[in-house]
Amino acid sequence: MATVKRIPADEIKGGAVVLRFDRSGVPYDYYARDLPAGMVQSVKKILAENHVKFAFVRETAQKEKEEEKNRATRVQALLEHMNQPIAQAPGKTAPEDVVTAREMHDRARQITKDIMSQVRMGNAVDTDASREVVSGLVESCFKNPETFVNLSRLKNFDDYTFTHSVNVAVIAISIGRKLGMSYGELRSLGLAGLLHDVGKMKVPERIINKPGKLTDEEFLLMKMHPVYGYELLRTDSGVPPETVKAVLQHHEKSDGTGYPYGLKEREISKYAKIIAIADVYDAITSERVYHKGIGPADALKMLFAWSGKHFNEVLVKFFISLIGIYPAGTAVMLDTGEIAVVLDSNGGPKPKVLLVTDEKRNRLISPVLFDLASRNAVTGRPYKTILSPVDTDEISINGSEIISRYMLTPPR
Ligand SMILES: [Fe+2]
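Rules used in this analysis
Here, residues in each chain are numbered from 1, in the same order as that chain's written sequence. Residue-level local features of this predicted model are given only where pLDDT is at least 70; pairs of side-chain atoms are given and counted only at 80 or more, and the full residue set underlies all totals for whole chains, interfaces and linings. Based on all heavy atoms of the structure, the side-chain values leave hydrogens and waters out of the count. Only buried Ala, Val, Leu, Ile, Met, Phe, Trp, Tyr and Cys residues count toward a nonpolar core, and they belong to the same one when joined by side-chain atoms within 4.5 Å. The buried label applies to any residue whose accessible area, calculated with a 1.4 Å probe on protein chains only, is under 20% of its type's maximum; exposed applies above 50%, and partly exposed to all values in between. Where each domain starts and ends follows an automatic or database-derived domain assignment. In what follows, a contact means two residues having at least one pair of non-hydrogen atoms within 4.5 Å. The criterion for strand pairing is that DSSP finds at least two bridges linking the strands in question. Numbering goes from the N terminus for both helices and strands, where a helix is a DSSP run of H or I of at least four residues and a strand is a run of E of at least two. Only C-alpha atoms enter the line fits that serve as axes; for helices the fit covers just the stretch in contact. Angles between N-to-C directions range over 0 to 180 degrees. Put simply, a salt bridge is a Lys or Arg side-chain nitrogen that is within 4 Å of an Asp or Glu carboxyl oxygen. In this listing, donors mean N, O and S atoms no farther than 2.8 Å from the metal, or 3.2 Å for Na, K and Ca; water is missing from the atoms, so a site can look incomplete. Any site counts as irregular unless it has four donors with all angles between 85 and 135 degrees, making it tetrahedral, or four or six donors with opposite ones more than 155 degrees apart and the rest between 65 and 115, making it square planar or octahedral. Definitions for this section: a left-handed crossing has its near helix turned counterclockwise from the far helix by less than a right angle. A right-handed crossing has that turn clockwise. Gly counts as polar in this scheme, as do all residues outside two lists: the nonpolar Ala, Val, Leu, Ile, Met, Phe, Trp, Tyr, Cys and Pro, and the charged Asp, Glu, Lys and Arg.

## Brief notes about the nonpolar core
General note: in soluble globular proteins, nonpolar side chains tend to be found buried as a group.
Thinking step 1. Counting 76 residues, the largest nonpolar core has Leu-137, Leu-233, Tyr-281, Leu-303 and Phe-319 as the members making the most contacts within it.
Thinking step 2. Both domains that furnish three or more residues to this core are identified here as domain 2 (96-323) and domain 3 (327-408).
Thinking step 3. Contact partners of Leu-233, with chain neighbours within four places excluded, come to Val-125, Thr-127, Leu-195, Val-198, Val-239, Val-244 and Val-247.

Written as structure tokens, this is what we have:
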């Protein structure tokens, strides 16, 4: 049976399975898995820098170790198998880390819902719980930097406000990491993402959820939400000032047409500029009662069109390079005639996709994972390539829904 043992941080060895440290928020890439021997020295340096004194490591009995090894081999084999050409690929599987990501996203959404509901009832913002959610997201971003941003493709139609808060945090953290922000900065930025709309809990629900156009009076009230958010957070010593500032400024625009103060580009904080991009990108790609979500590729085009006016131009370009030319959720037509949805953009032209139709455009019963980077060993040519993005309206395919459903399917 596995037991947990506390050991001094400077006694960590290769192969140690660390579950946690005596300090939270340590930028450590190997939680709950073997620490590679070659990384021991650099990890010890990071632990010393973060003032970590003890690590809690898992000690596993021999039999259990073997079982774990077998399981890891099975998962690896499954992943390799899924990367085979379509004819050999299994029909209904999802990589284990993707399922875990879904669980984490769900948990984060649930906690955010509780936090916001408390504020709606007149209570204070539970900033401890908020920071915990954000720390989990930042750790996940460090563990899977390439795929982390795809978490924001997980949508939940019924719980839009809370899902949106988590997604804005995810997108902001991804941008911040790519910008080289420190672990602490990412947590402050992520917290601003998670709580950017907390002030909406002080605006009457009928206005927040009104499907039609708001009256001038209602719009004035709605425009107060950044100020309400600021008021809710500014006296909490656990919330960094830059987080509070970003919440206050997340609707300001570069050309001075934003609210509440009509600030100009140079007066808006960097965090607020990042949150603004994340906020709008997630909002326009989400399905709402009163509007259909647009595809990620079109959303990037819109952000680009607004850059310099609403958003910082450099940050928008940076964001586009981060999301990639075929963002996750984009429907694409392949040279085989099949339609697919991009699952993992890799930032390049050869993403992992979910095939949703066969070559004659008949819908498959369940999506099939295919890696467009895979090549025919004899000819050296790719099996399939993307011809172009497709308008999802035309083919009645909902990219987000397909990804969400795929992620919910447990691996076999
Ligand atoms: Fe907002």
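That shown, we press on.
## Some thoughts on the sheet that holds strand E3 (residues 54-59)
Thinking step 1. With antiparallel pairing, the 3 strands of this open sheet are ordered in space as E1-E3-E2. The sheet terminates laterally at strand E1 (3-8) and strand E2 (18-21), the two strands that pair on one side only. Neighbour-to-neighbour, the strand axes of this sheet turn through a mean angle of 25°, independent of strand direction.
Thinking step 2. In this structure, E2 lies alongside E3, joined through 3 bridges in antiparallel fashion. In the strand pairing of E3, Phe-21 is matched with Ala-55.

## Some thoughts on the pattern of salt bridges
Thinking step 1. Scanning the entire structure with this criterion turns up 12 salt bridges.
Thinking step 2. Taking the shortest distance from any N to any O, the salt bridge between Arg-109 and Asp-106 comes out at 3.0 Å. Here Arg-109 pairs with Asp-106, and both are found in helix H3 (residues 96-120), just 3 residues apart, close to one helical turn.
Thinking step 3. Note on Arg-109: relative accessible area 11%, which makes it buried.

## Some words on the coordination of the iron ion
Thinking step 1. Taken together, Asp-197 (OD), His-225 (NE2), His-250 (NE2) and His-251 (NE2) make up the full set of protein donors to the iron ion, lying 2.1 to 2.3 Å away.
Thinking step 2. One way to put it: the 4 donor atoms around the iron ion meet at angles of 84 to 174°, and that makes the site irregular.
Thinking step 3. Motif for the iron ion, donor spacing along one chain: D-x27-H-x24-H-H. Separated by 25 residues along the polypeptide, His-225 in helix H9 (residues 225-233) and His-250 in the loop between helix H10 (241-249) and helix H11 (270-285) bring together distant segments of the chain.

## A look at the sheet that holds strand E6 (residues 352-357)
Thinking step 1. Strand order in the open sheet made by the 5 strands is E7-E6-E5-E4-E8, with antiparallel pairing throughout. Looking at which strands have only one partner, the edges of the open sheet turn out to be strand E7 (363-371) and strand E8 (386-389). Between one strand axis and the next, the sheet turns through 35° on average, direction left out of account.
Thinking step 2. As defined by bridge partners, E6 adjoins E7 across 5 bridges and the pair is classed as antiparallel. In the strand pairing of E7, Thr-357 is matched with Arg-363.

## Quick look at the environment of Lys-223
Thinking step 1. Secondary-structure assignment places Lys-223 in the loop between helix H8 (216-222) and H9.
Thinking step 2. On the accessibility criterion, Lys-223 (25% relative accessible area) is partly exposed.
Thinking step 3. Residues Lys-223 and Val-203, 20 residues apart in the sequence, show an inter-C-alpha distance of 9.4 Å.
Thinking step 4. In contact with Lys-223, other than residues within four places in its own chain, are Tyr-259 and Pro-260.

## Concerning the packing of helix H6 (residues 183-195) against H10
Thinking step 1. Following both chains from N to C, one finds H6 and H10 inclined at 35°, their axes separated by 9 Å at the closest point. Here H6 runs over H10; the crossing is right-handed. Between H6 and H10, the contacting residues are Ser-188, Leu-191, Ala-192 and Leu-195 on the first element and Glu-242, Thr-243, Ala-246 and Val-247 on the second.
Thinking step 2. Residues of the contact of H6 with H10, tallied by class, amount to 5 nonpolar, 2 polar and 1 charged.

## Focus: the environment of Glu-359
Thinking step 1. Here Glu-359 shows up in the loop between E6 and E7.
Thinking step 2. Counting along the chain gives 25 residues from Glu-359 to Leu-334, while the straight-line C-alpha distance between them is 9.0 Å.
Thinking step 3. Beyond its immediate sequence surroundings of up to four residues, Glu-359 is in contact with Thr-336, Gly-337 and Glu-338.

Purely geometric numbers; function is a separate question.
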